[in-house]
Amino acid sequence: MKLSKYDLVALSTLFLLVGIFFLPLFYPTSQLYVTPGYTKSDILHFNYPVKELLSQSLKNNSLPIWTDLAGTGFPVIAESQVQAFSLINLILFRLFPTVIAFNAGYVVSFLLFSLGMYLVARDQGYGRLVSFLCSFLFTFSGFNIVRIQHYNILSGFCYMPFIFLLAKHFIENKNSFSWLILPFVISQFILSVHMPTIFLTSIFFLIMFIIWRFIYKPQQLSR
């Protein structure tokens with residue numbers, strides 16, 4: 001898929017909107033979302049603390065194997081939601097202070113949402129304006145905004161448009177080089193979410209590709 005300068009303008013506009021949306025997290029001072037749950041906040045009482053352990057470990061050139069700060073000790077790396085092997089986290093929490101890296105994770109996730117959905121729409125043959133609107137509505141949809149308290153779900157689901165796009169290209173063309181990239185993208189998704197999310201997403205993709213392969217595509221060929 002070749003992108004023209006107009007596609008780049010559309011993507012730049014989407015990226016600018018994402019930047020404006022998350023700007024209050026960085027300016028004039030760094031701050032966090034506070035999202036109360038039933039009794040505690042997922043961010044303040046789970047996601048941010050485990051990311052702090054990850055950040056400290058990475059800055060000491062190690063991984064958060066174990067901590068004595070929970071109960072009588074806990075293998076932090078065994079908790080999938082710490083996302084210790086996510087490439088995005090390895091970069092952000094190694095290079096930046098925890099609060100900056102944590103908020104930057106939101107920005108990266110939403111940038112991937114917007115880029116991925118735009119590419120999917122363009123790949124389906126939609127024009128630039130429609131693709132822009134699809135990407136905008138998907139990126140800032142209620143699902144994503146409400147899930148801000150569930151940090152790991154956002155940072156995992158942002159790979160879904162790319163998984164769909166790469167898998168579709170591989171099915172359509174067995175000689176496509178997408179098979180070289182697809183396993184890596186899937187691995188990053190798996191390493192970014194917890195097991196129930198992986199299970200439910202696998203079922204969703206299975207149903208979706210059955211519909212696409214045996215219902216949607218035959219209808220296109222019959223026209």
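Source: prediction; values computed, not measured. (Residues numbered from 1 in each chain as written. Predicted model: local features only at pLDDT ≥ 70, side-chain atom pairs only at ≥ 80, totals over all residues. Heavy atoms only, no water.)

### Some details on the overall build of the protein chain
The helix and strand inventory of the protein chain stands at 10 helices and zero strands. On C-alpha atoms alone, the protein chain measures out to a radius of gyration of 19 Å, which is about the 17 Å that the 2.2 N^0.38 rule sets for 223 residues. Projected onto the principal axes, the alpha-carbon positions of the protein chain cover approximately 65 × 35 × 35 Å. When each of the 223 residues of the protein chain is scored for burial, the buried share is 42%. Long-range contacts, defined as pairs at least 24 residues apart, comprise 67% of the intrachain contacts of the protein chain with a sequence gap of at least 6. With the model as given, the accessible surface of the protein chain reaches about 12,600 Å², and the carbon-plus-sulfur share is 71%. (Helix = DSSP H or I, 4+ residues; strand = E, 2+ residues; numbered from the N terminus. Rg over C-alpha atoms; globule rule 2.2 N^0.38 Å. Buried < 20%, exposed > 50% of the residue type's maximum accessible area, 1.4 Å probe, protein only. Contact = heavy atoms within 4.5 Å. Areas by Shrake-Rupley, 256 points an atom, 1.4 Å probe, with all protein chains shown as cover.)

### Some thoughts on the pattern of salt bridges
In the structure shown here, the tally under the stated rule is three salt bridges. Measuring nitrogen to oxygen at the nearest pair gives 3.0 Å for the salt bridge that ties Arg 122 to Asp 7. A residue pair is termed long-range when its members are at least 10 positions apart, and Arg 122 in helix H4 (residues 98-123) and Asp 7 in helix H1 (residues 5-22) qualify at 115 residues. For Asp 7, the salt bridge is made with Arg 128, and the minimal N-O distance between the two is 3.5 Å. Here the residue Asp 7 occupies a position in helix H1, and Arg 128 occupies one in helix H5 (residues 128-139), the gap between them amounting to 121 residues. What makes Asp 7 buried here is its relative accessible area of 1%. Assessed through its relative accessible area of 35%, Arg 128 is described here as partly exposed. A cluster of three or more residues bridged by salt bridges with shared partners is formed by Asp 7, Arg 122 and Arg 128. (Salt bridge = Lys/Arg side-chain N within 4 Å of Asp/Glu carboxyl O.)

### Things to note about the nonpolar core
Within soluble globular proteins, side chains that are nonpolar tend to cluster in buried spots. Ranked by size, the top nonpolar core spans 49 residues in total, and within it Phe 22, Phe 93 and Tyr 106 carry the most contacts. Listed by contribution, the elements that provide at least two residues to this core are H1, helix H2 (42-59), helix H3 (87-95), H4, helix H7 (151-157), helix H8 (160-172), helix H9 (178-190) and helix H10 (195-221). Sort the elements by how many residues they give to this core and H4 lands first, with 10 residues. Beyond its immediate sequence surroundings of up to four residues, Tyr 106 is in contact with Phe 22, Leu 25, Tyr 33, Ile 43, Ile 148, Tyr 151 and Leu 154. Of all hydrophobic cores here, the second largest spans five residues; its members include Ala 10, Leu 11, Tyr 118 and Phe 132. (Core = buried A, V, L, I, M, F, W, Y, C linked by side-chain atoms within 4.5 Å.)

### Things to note about unusual backbone geometry
Omega for the bond connecting Tyr 27 with Pro 28 falls within 30 degrees of zero, at 5°, which places this linkage in the cis form. In this structure, Gln 83 is a non-glycine residue whose phi angle is positive, near 55°.

### Overview of H3
Looking only at H3, the buried set comprises Ile 88, Asn 89, Leu 92 and Phe 93. Projected down its long axis, H3 shows its buried positions confined to an angular sector of 95°, all on one face. Where H3 is buried, its residues touch H2, H4, H7 and H9. (Arc of directions from axis to C-beta.)

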